[in-house]
There are 2 protein chains.
Amino acid sequence: MLTRIYKEDKDALKEYLMSRTQDLSTDVLVTVSNIIQDVKENKDEACLKYTQQFDKVSLDTMEVSQEEWDAQILKCDDSFVEAMKLAKKNIEDFHKLQKQNGYLLQKEKGIYLGQRVLSLEAVGIYVPGGRAQYPSSVLMNALPAKIAGVQNVVMVTPPDKNGTIHPNIAYAAKLAGVDKIYKIGGAQAIAALAYGTQTIDRVDKIVGPGNIYVAAAKKLVYGTVDIDMIAGPSEILVVADEKANAEYVAADLLSQAEHDPMASAILLTTNEELLDLVNQELLKQSAVLPKKEIVEQSLKNYGKAIVCDSVEECISISNEIAPEHLELMIQNPMEHLQEVKNAGSIFLGYYTCESIGDYFGGTNHVLPTSGTARFSSALSVDSFIKKSSYLYYSKQAIEAYGKYIETIASEEHLQAHANAAKVRVK
Amino acid sequence: MLTRIYKEDKDALKEYLMSRTQDLSTDVLVTVSNIIQDVKENKDEACLKYTQQFDKVSLDTMEVSQEEWDAQILKCDDSFVEAMKLAKKNIEDFHKLQKQNGYLLQKEKGIYLGQRVLSLEAVGIYVPGGRAQYPSSVLMNALPAKIAGVQNVVMVTPPDKNGTIHPNIAYAAKLAGVDKIYKIGGAQAIAALAYGTQTIDRVDKIVGPGNIYVAAAKKLVYGTVDIDMIAGPSEILVVADEKANAEYVAADLLSQAEHDPMASAILLTTNEELLDLVNQELLKQSAVLPKKEIVEQSLKNYGKAIVCDSVEECISISNEIAPEHLELMIQNPMEHLQEVKNAGSIFLGYYTCESIGDYFGGTNHVLPTSGTARFSSALSVDSFIKKSSYLYYSKQAIEAYGKYIETIASEEHLQAHANAAKVRVK
């Protein structure tokens with residue numbers, strides 16, 4: 001059931017939603033910091049020790065051999081393989097358009113400058129293990145890296161109790177072009193990727209979701225390597241007009257609520273009656289869900305609704321919340337797209353459920369949460385490139401313009417900066 | 001004087017350079033955290049109180065009026081104004097080419113998806129005060145934001161002992177199109193920008209250099225707002241071949257060494273004799289520098305040279321160090337540019353001193369330090385935009401493809417995700 005709140009309370013709602021971002025406890029930070037230090041010093045030996053300790057498996061090597069990889073793939077369902085192949089094509093089609101080019105600017109004789117676009121050399125993808133296997137997450141993280149041109153995309157994932165990896169994960173990795181898989185999880189996996197071991201080469205960037213130990217480890221190694229954002233709880237905000245179908249609205253709210261007791265599901269509507277109908281549907285649909293308890297907790301805490309005067313007002317409130325997922329269940333959604341300022345990903349019209357984007361449509365499902373859509377973006381090809389500028393001045397050019405450099409440098413009291421131009425001009 | 005080290009010790013050099021990044025002490029973090037909390041609660045009142053306490057000035061308002069702003073500008077030197085105007089033009093020419101466009105992909109009837117590029121709405125630029133005034137930094141931070149389309153670019157800077165701001169800073173701000181200036185510095189300024197006060201509106205992103213309190217405050221508010229990178233000490237790495245001029249090489253090494261006793265100046269050369277000549281020049285040129293003591297400390301600790309067998313080897317070592325500034329003082333530098341994998345900004349040939357880039361050439365001088373050029377980029381128009389994706393499926397489209405979404409969602413044990421497609425297909 002969604003709790004109705006009033007427009008006047010939208011700031012309180014915003015604060016309440018933001019309060020979900022949990023600080024990492026000192027205990028977790030100390031534990032993780034010790035693991036990182038151990039892996040940095042003792043490398044493979046430490047990795048295998050923690051795998052034994054946390055995953056209860058004794059491995060000879062962390063590397064998944066081609067034979068093991070191929071053998072696991074054979075266990076996948078045909079229907080799953082077919083769906084994943086189509087999803088891959090859609091994700092590639094969308095992300096290929098994100099490729100960027102460098103440029104060269106010739107200003108005048110003897111002066112040129114430009115920007116190069118370079119892919120990162122090595123990227124590590126963390127993939128959670130155990131029962132919660134998310135092959136879609138492998139595609140969403142690995143495909144943009146490969147499109148960016150990253151030569152070395154490696155995946156780390158904790159081994160199951162038989163010392164191997166889930167068939168679906170093995171298949172998704174192969175499909176996405178992952179170069180190597182290592183059976184290691186937790187903070188030890190992040191440390192291995194950041195500093196390197198005998199088996200695992202260090203990478204330039206680590207992406208992918210994980211538990212609180214993984215998140216803490218990513219925070220601690222940031223700077224030594226780059227990381228993606230550390231995602232907060234899932235969020236969906238549905239803007240629904242008079243014609244919106246309550247059954248669809250409820251189904252979509254539930255699709256985020258089932259992620260996590262901290263997930264939020266918010267309805268902004270111009271139709272007061274819709275709220276009652278959605279609440280009836282929520283009861284009916286959630287009753288038969290396997291994750292019923294999670295859904296109930298999530299909706300109780302973070303299921304909210306506001307009735308607004310217009311679609312414009314709904315979108316204006318949504319802009320303040322800056323949701324991860326925004327559904328515009330309205331007529332002519334393209335007419336209103338322009339009004340949306342802050343949202344990770346937007347789903348247009350009555351038929352575009354958010355889960356199309358999670359699995360299949362082609363847009364990325366790694367999105368800014370906790371209001372950070374105000375200033376950040378989905379994972380994309382951009383996440384796996386860097387840009388480097390260059391500048392050329394000929395002898396004649398520095399002779400012509402050196403005096404301006406001397407002037408500004410002198411005003412800033414940086415005489416050696418001025419001299420560097422001066423020695424070339426005299 | 002540069003200390004010669006051997007190729008075999010390049011890993012040790014890399015570690016040594018990385019060790020300069022200082023952790024923030026608990027004392028600093030606690031002090032800053034208290035200031036932030038105070039500003040969050042008491043807003044303007046707290047801001048004015050800290051300005052009194054730290055800057056020894058009692059202000060009625062933090063806002064710089066148009067009259068005050070214009071009056072300060074009149075005090076600038078004409079030659080400075082002329083140089084800044086030309087610099088602005090060059091910076092704009094280079095950065096305008098970084099503007100990005102969104103795209104729309106029509107996949108088939110009833111399916112389209114795309115990406116929008118939106119500028120941030122409000123950006124705050126921190127500008128240090130006191131004697132160290134850096135008008136070039138105002139241009140480098142504000143111009144890309146304005147080109148990105150940011151409507152509201154505000155500047156914060158501590159007032160001088162007369163309660164006003166430096167003429168050069170006032171002029172640079174006007175030239176760059178800054179919308180408002182507030183007289184406030186330190187952690188209190190960062191807190192005001194992150195949370196807003198009666199006078200200062202909260203922003204989406206804070207950029208610009210500052211002292212250790214400013215850096216700590218930026219770290220602490222990150223997540224509530226975006227921040228730029230927190231810069232480490234300046235770095236220059238010069239690759240010089242047989243024909244390189246020792247006077248120029250020395251002048252350029254000194255231009256970074258004068259920044260900070262922690263700054264690094266590294267020479268990689270194919271010419272053993274050049275090293276002696278450069279060391280002679282360093283002694284000669286540094287003797288007359290106003291910042292002689294800083295230079296001596298910096299060179300003593302972080303002035304190093306390696307003699308290599310070839311330019312290719314020099315660049316290969318440079319790639320491992322990933323310097324902020326890389327000068328290629330070699331013949332045919334464009335032929336070797338391709339070999340450079342990790343460098344913030346590259347200066348080509350014998351005449352392109354790094355200080356052209358600091359002030360005038362047009363490339364940005366806010367660059368990745370401490371080896372982070374391996375995975376990050378200069379400040380650019382990209383720093384002030386966000387991207388948001390959208391997706392549309394018609395009724396027919398979800399009927400055609402819904403089953404694939406159900407398949408993948410079911411494999412991931414997320415039944416509500418599957419249901420969102422299912423209710424629309426039945």
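Just so you know, these numbers come straight off a predicted model, no measurement behind them. (Residues numbered from 1 in each chain as written. Chains lettered and ligands numbered in written order. Predicted model: local features only at pLDDT ≥ 70, side-chain atom pairs only at ≥ 80, totals over all residues. Heavy atoms only, no water.)

1. Looking at the overall build of chain A
- Scanning chain A from terminus to terminus reveals 16 helices and 14 strands.
- Buried residues in chain A amount to 62% of all 426 residues.
- Partitioning the intrachain contacts of chain A with sequence separation of at least 6 by distance along the chain shows that 76% fall at a separation of at least 24.
- On chain A, roughly 16300 Å² of surface is accessible, and the fraction owed to carbon and sulfur atoms is 48%.
- Seen as two clouds, the 43 positive and the 57 negative side-chain charges of chain A have centres 8 Å apart. (Helix = DSSP H or I, 4+ residues; strand = E, 2+ residues; numbered from the N terminus. Buried < 20%, exposed > 50% of the residue type's maximum accessible area, 1.4 Å probe, protein only. Contact = heavy atoms within 4.5 Å. Areas by Shrake-Rupley, 256 points an atom, 1.4 Å probe, with all protein chains shown as cover. Lys, Arg positive; Asp, Glu negative; His and termini not counted. Charge placed at Lys NZ, Arg CZ, Asp CG, Glu CD.)

2. Observations concerning the sheet that holds strand β4 (residues 122-126) of chain B
Residue and element names in this part refer to chain B.
- The strand order across the open sheet built from five strands is β6-β5-β4-β7-β8, with neighbouring strands paired in parallel fashion. Of all strands in the sheet, those bounded by a partner on one side alone are β6 (180-183) and β8 (226-227).
- Inspection of the sheet shows β4 paired to strand β5 (residues 152-157) by five bridges, in the parallel sense. Counterpart to I125 in the pairing with β5 is M155. (Pairing = 2+ DSSP bridges.)

3. Here's the deal with the interface of chain A and chain B
- Counting from both sides, the interface comprises 117 residues of chain A and, opposite them, 117 residues of chain B.
- On the chain A side of the contact with chain B, A:R374, A:F375 and A:R424 bury the most area, a combined 8% of that side's loss.
- Our enumeration of links across chain A and chain B arrives at ten salt bridges.
- When the shortest N-O distance is used, the salt bridge between B:D93 and A:K107 registers 2.6 Å.
- For the pair chain A and chain B, the interface holds 76 residue pairs in polar contact (both at pLDDT 80 or more).
- When residues of the side of chain A that touches chain B are assigned to their parent elements, the largest contribution, eleven residues, is made by helix α4 (residues 78-96) of chain A.
- Within the side of chain A that touches chain B, the residues separate by chemical class into 54 nonpolar, 36 polar and 27 charged.
- One ladder, built from four bridges, connects strand β14 (residues 385-393) of chain A with strand β13 (residues 345-348) of chain B; its direction is parallel. Note on β13(B): the bridge partner recorded for A:Y392 is B:L348. (Buried area = accessible area lost by both parts, 1.4 Å probe. Salt bridge = Lys/Arg side-chain N within 4 Å of Asp/Glu carboxyl O. Polar contact = N/O pair within 3.5 Å; in protein donor to acceptor, adjacent residues only side chain to side chain. Nonpolar A, V, L, I, M, F, W, Y, C, P; charged D, E, K, R; others polar.)

4. Brief notes about helix α12 (residues 311-321) of chain A
All names here are of chain A.
- Residues V311, C314, I315, I317, S318, N319 and I321 constitute the buried set of α12.
- Lining the buried residues of α12 we find α1 (10-18), β9 (235-240), β10 (264-269), β11 (303-307), β12 (325-329) and α13 (333-337).
- Just beyond α12, the residue with positive phi is A322, at close to 55 degrees.

5. What to know about the relation of the copies chain A and chain B
- The transform that puts chain A on chain B rotates by 180 degrees and translates by 0.0 Å along the axis, for an RMSD of 0.0 Å. In symmetry terms, the pair is related by a two-fold rotation axis. (Least-squares fit on C-alpha atoms with pLDDT ≥ 70 in both.)

6. A few points about the UniProt feature "binding site: substrate" (unreviewed entry) in chain A
- On the UniProt side, "binding site: substrate" (unreviewed entry) is annotated at positions that read A:S234, A:Q256, A:H259, A:H325, A:D358, A:E412 and A:H417 here. Annotated residues spanning 184 residues; largest pairwise C-alpha distance 55.6 Å, indicating distribution over more than one region.
- Looking at the element boundaries, A:H325 is found in strand β12.
- With residues near it in sequence (within four places) discarded, A:H325 still touches A:E235, A:I236, A:L237, A:Q256, A:S345, A:F347, A:E354, A:D358 and A:L367.
- Position of A:E412 among the secondary structure elements: in the loop between α15 (395-411) and α16 (415-425).
- Dropping the residues within four chain positions of it, A:E412 is found in contact with B:Q133, B:Y134, B:P135, B:S136, B:S137 and B:Y359. (UniProt positions renumbered as here; feature names shortened; annotations may be inferred.)

7. Regarding the nonpolar core
- Counting 93 residues, the largest nonpolar core has A:L2, A:V249, A:L253, A:L267 and A:V278 as the members making the most contacts within it.
- Excluding residues that lie within four positions of it along the chain, A:V249 makes contacts with A:V238, A:A240, A:A244, A:L267, A:V278 and A:M329.
- B:A250, B:L267, B:L289 and B:C353 belong to the second largest nonpolar core, which has 92 residues in total. (Core = buried A, V, L, I, M, F, W, Y, C linked by side-chain atoms within 4.5 Å.)

8. Notes on the pairing of strand β2 (residues 103-108) of chain A
Residues and elements named next belong to chain A.
- With five bridges joining them, β2 and strand β3 (residues 111-119) adopt antiparallel strand pairing. By the bridge assignment for β3, Q106 is matched with Y112.
- Connecting β2 to the next strand, β3, in antiparallel fashion are two residues, including G110 with a positive phi near 85 degrees.

9. Remarks on the pattern of salt bridges
All names here are of chain A.
- Counted according to the given criterion, the structure contains 46 salt bridges over all chains.
- The partner of K49 in a salt bridge is D38, with the nearest N and O atoms 2.6 Å apart.
- In this structure K49 comes out as partly exposed when scored by relative accessible area, which is 41%.
- Between K180 and E63 there is a salt bridge whose closest N-O contact spans 3.1 Å. Residue K180 is found in strand β6 (residues 180-183), and its partner E63 is found in the loop between α2 (26-55) and α3 (66-73); the two are separated by 117 residues along the sequence.
- E63 sits in the partly exposed class, given a relative accessible area of 30%.
- The structure contains a network of salt bridges with shared partners spanning K7, D309 and E313.

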